Amino acid sequence: MNTVLTLLRPRFKTIMNGGRSNTRFGRVGKFILLGLIGSILWGGLYTVSIRVLSYFRGIEEIGDILGFKLLSMILITSFALLIFSSIITSLSKLYLSRDLFLVHSFPVAGYKVFIARWIDSTVESSWMVIVFTLPVFIAYGVVFNTGIFYYMCLLLALISLSIIASAAGVFLVMISVIIIPANRMKSIFVFLSLFFFIIIYIAIRFLKPELLVDPEIFDSVLIYITVLQTPSSPLLPTTWAFDAIKAGLNGHLAEGIYHLAISWSFAGCMFFIIVMTADSFYTIGFSKTQTAHVRLIKSKSSRSLVLSFLPRSIRAFAEKEIKIFFRDQTQWTQLFLIGALIVIYIYNFNALPLEKSPIKTVYLQNLLAFLNMGLALFVLTAVTGRFAYPAVSAEKSAFWIIESAPAPLKKFLWIKFFIYYLPLLLLTQILIVATNILLQVTPFMMVLSIITVFFLVPGIVAMGIGLGAAFPDFKAENPTQTVTSFGGLVFMILSAGLIGLVLIMEAGPVYKIFIFGLRGIPLSLYNWLYIAGSFFIIFVISILAIILPMKFGEKSLSRRFS
């Protein structure tokens with residue numbers, strides 16, 4: 001055990017020193033900013049959860065059943081996210097980290113190195129999921145008026161669920177690496193992406209969330225309640241966690257301890273299995289990874305012909321970016337995962353039973369289309385944070401070549417902007433157009449959605465590139481580390497703020513145009529001035545969102561190497 005703790009000590013020191021700055025003001029400023037951002041996010045999640053659960057509890061007969069069904073959905077979704085996060089993180093921690101050569105040179109048994117790395121991987125892959133679901137679970141405790149036993153059950157259930165998910169992901173990675181070396185990321189990520197897509201799709205269809213709002217498909221209320229009360233498979237780890245948390249909510253001490261014992265016993269069994277597997281296969285897989293030949297993708301002459309209209313210096317930068325993107329298989333093979341998420345995203349709108357809602361269908365369709373703009377742009381923010389934000393940090397130790405090139409950094413950043421801007425614009429427009437077609441929105445809402453996305457996408461991408469240049473991490477082992485850094489958090493918050501501000505400013509004019517048009521009432525001159533002024537301010541904000549982050553990133557990057 002002392003050996004494992006010694007191997008974990010560098011990681012602990014890194015976490016402790018990660019928030020330090022050259023000045024005391026910098027440390028205090030980061031602490032205040034992160035605390036403020038965390039409080040806002042937690043407060044928002046908690047408020048929404050309290051309102052939803054209070055509404056459910058106000059429904060006679062089935063209120064608690066709906067609340068427990070929602071709890072089951074949250075646990076299954078979180079478990080799927082934990083497994084996928086574990087797969088990505090453990091692949092890097094166990095096989096691709098740059099310090100593994102040093103670690104494996106120590107006089108330490110291979111399984112002890114594996115245990116230390118697995119603990120590090122488990123914490124890194126699960127902390128964010130747990131932190132952002134805690135406000136929801138706390139809201140359950142407040143609404144159901146529970147005691148301290150519920151929070152003990154909750155904490156132990158979430159920890160055991162994280163251990164099980166991490167062990168399952170690590171086991172899958174170790175078996176996969178024996179077949180295909182870890183540095184041949186293309187085949188591995190294609191397999192893992194398809195596997196994750198299947199798991200998510202099955203989980204969503206297994207839950208049948210449309211049942212919560214469509215009781216008319218059943219012959220009677222009794223059958224509807226029976227279906228809602230149907231438990232999940234008793235063999236799923238999420239079922240044990242759900243039963244333990246539910247027992248805590250109801251104050252059933254013995255039942256909660258029983259289900260926690262099942263969950264923790266399985267977590268211990270999974271730990272034993274992966275340690276035994278690592279003792280036999282981990283060193284073999286690591287050795288195979290280091291000795292495997294990585295084939296680089298050769299550039300095609302057609303690429304030069306496509307970019308031949310660009311000036312020579314810009315063309316050189318653009319060709320370099322495209323070659324790096326296709327050679328770094330950890331980047332472009334994740335497009336399979338994005339494709340799977342797009343299919344799920346669009347399918348959810350197809351499954352909405354709008355015609356059975358008590359709200360007027362035309363109004364509800366356009367309301368959902370307006371909210372869908374924000375949702376699609378939040379998806380864009382996540383994708384931008386994964387691809388565009390780490391673009392500058394991806395240069396790593398070779399950035400000195402860019403710095404010494406006979407071209408300004410401004411040109412370098414704008415080339416990165418356009419390389420990511422066009423695909424991300426196409427992705428977001430596909431989401432918006434496809435979902436609006438399924439919702440059968442009015443032509444006005446379709447045009448508004450397309451134009452809004454057209455003006456906001458460059459601003460979000462520019463913030464990703466600019467803030468990525470202002471807070472680069474050239475020592476990061478993988479792009480996910482840069483996204484979870486201080487700069488990545490700032491990018492996420494500013495992007496969310498931009499999206500929220502634009503939607504709030506559009507809400508008033510859009511409501512007036514839609515309601516007046518629906519009632520056949522002409523707009524007054526005052527209303528037209530109000531609408532024109534609002535959209536003009538949105539246009540100005542969109543332009544500033546492009547220019548200011550890029551300038552800030554250029555100046556910060558120049559000062560860093562001056």
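Structure: see above.
Residues numbered from 1 in each chain as written. Predicted model: local features only at pLDDT ≥ 70, side-chain atom pairs only at ≥ 80, totals over all residues. Heavy atoms only, no water.

**Considering the overall build of the protein**
Scanning the protein for helices and strands turns up 21 helices and zero strands. Across the 562 residues that make up the protein, the buried fraction comes to 46%. Sequence separation of 24 or more characterises 81% of the internal contacts of the protein that already satisfy a separation of 6 or more. If you sum the accessible surface of the protein, you get close to 28,800 Å²; carbon and sulfur atoms cover 71% of it. (Helix = DSSP H or I, 4+ residues; strand = E, 2+ residues; numbered from the N terminus. Buried < 20%, exposed > 50% of the residue type's maximum accessible area, 1.4 Å probe, protein only. Contact = heavy atoms within 4.5 Å. Areas by Shrake-Rupley, 256 points an atom, 1.4 Å probe, with all protein chains shown as cover.)

**Focus on the side chain of Ser-49**
Note that Ser-49 resides in helix α2 (residues 24-57). Aside from chain neighbours lying at most four places away, what touches Ser-49 is Val-136 and Ala-139.

**Remarks on the environment of Lys-112**
Mapped onto the secondary structure, Lys-112 falls in helix α5 (residues 110-143). When neighbours within four sequence positions are excluded, Lys-112 is seen to be in contact with Thr-3, Val-4 and Leu-7.

**Observations regarding unusual backbone geometry**
Positive phi is not limited to glycine here, since Asn-145 has a value of about 55°. Relative to the helices and strands, Asn-145 is located in the loop between α5 and α6 (148-179). Overall, Asn-145 belongs to the exposed group, its relative accessible area being 68%.

**Points about the nonpolar core**
Grouped together as the largest cluster of nonpolar side chains are 59 residues, with contacts concentrated most on Leu-71, Tyr-95 and Phe-114. Contributing elements (two or more residues each) for this core: α1 (2-18), α2, α3 (63-96), α4 (100-104), α5, α6, α9 (237-250) and α10 (253-291). Formed by 58 residues, the second largest nonpolar core is a distinct cluster that contains Ile-415, Met-463, Ala-545 and Ile-546. (Core = buried A, V, L, I, M, F, W, Y, C linked by side-chain atoms within 4.5 Å.)

**Concerning the packing of α5 against α6**
Between α5 and α6, the shortest axis-to-axis distance is 8 Å and the interhelical angle comes to 140°. Taken together, the axes of α5 and α6 lie oblique to each other. Seen along the crossing, α5 lies across α6 with a hand that is right-handed. Residues Phe-114, Trp-118, Thr-122, Ser-126, Ile-130, Leu-134, Phe-137, Ile-138, Tyr-140, Gly-141 and Val-142 of α5 form the contact with α6, whose participating residues are Tyr-150, Tyr-151, Leu-154, Leu-158, Ser-162, Ile-163, Ser-166, Ala-167, Val-170 and Met-174. Its residues assigned to classes, the contact of α5 with α6 shows 16 nonpolar, five polar and no charged. (Axes fitted to C-alpha atoms, helices over the stretch in contact; angles between N-to-C directions. Parallel < 35°, antiparallel > 145°, perpendicular 65-115°, else oblique. Left-handed = near helix turned anticlockwise from the far one by under 90°. Nonpolar A, V, L, I, M, F, W, Y, C, P; charged D, E, K, R; others polar.)

**Some thoughts on empty space enclosed by the protein**
One simple way to see leftover space: roll a probe sized like a water molecule over the atoms. Within this structure, the stated rule accounts for three cavities of 30 Å³ or more. Taken as a whole, the second largest cavity holds about 40 Å³ of empty space. If you trace the second largest cavity, you find it lined by Ser-78, Leu-82, Val-129, Ile-130, Thr-133, Leu-158, Leu-161 and Ser-162. Looking at the lining of the second largest cavity, the elements that each hand over two or more residues are α3, α5 and α6. In terms of residue class, the lining of the second largest cavity is built from five nonpolar, three polar and no charged. (1 Å grid on protein atoms, 1.4 Å probe; cavity = no way out; pocket = protein on both sides within 12 Å on 5 of 7 lines; lining within 4 Å. Points joined across faces, edges and corners; volume = space filled by probe spheres on them.)

**So, the pattern of salt bridges**
Per the stated rule, a full pass over the model turns up two salt bridges. A salt bridge links Lys-93 to Asp-120; its shortest N-O distance comes to 3.3 Å. Taken together, the residues Lys-93 in helix α3 and Asp-120 in helix α5 connect sequence positions 27 residues apart. We note a salt bridge from Glu-124 to Lys-93, for which the minimum N-O separation is 3.1 Å. Highlighted residues: Glu-124 in helix α5 and Lys-93 in helix α3, separated in sequence by 31 residues. Members of the salt-bridge network, linked through shared partners, are Lys-93, Asp-120 and Glu-124. (Salt bridge = Lys/Arg side-chain N within 4 Å of Asp/Glu carboxyl O.)

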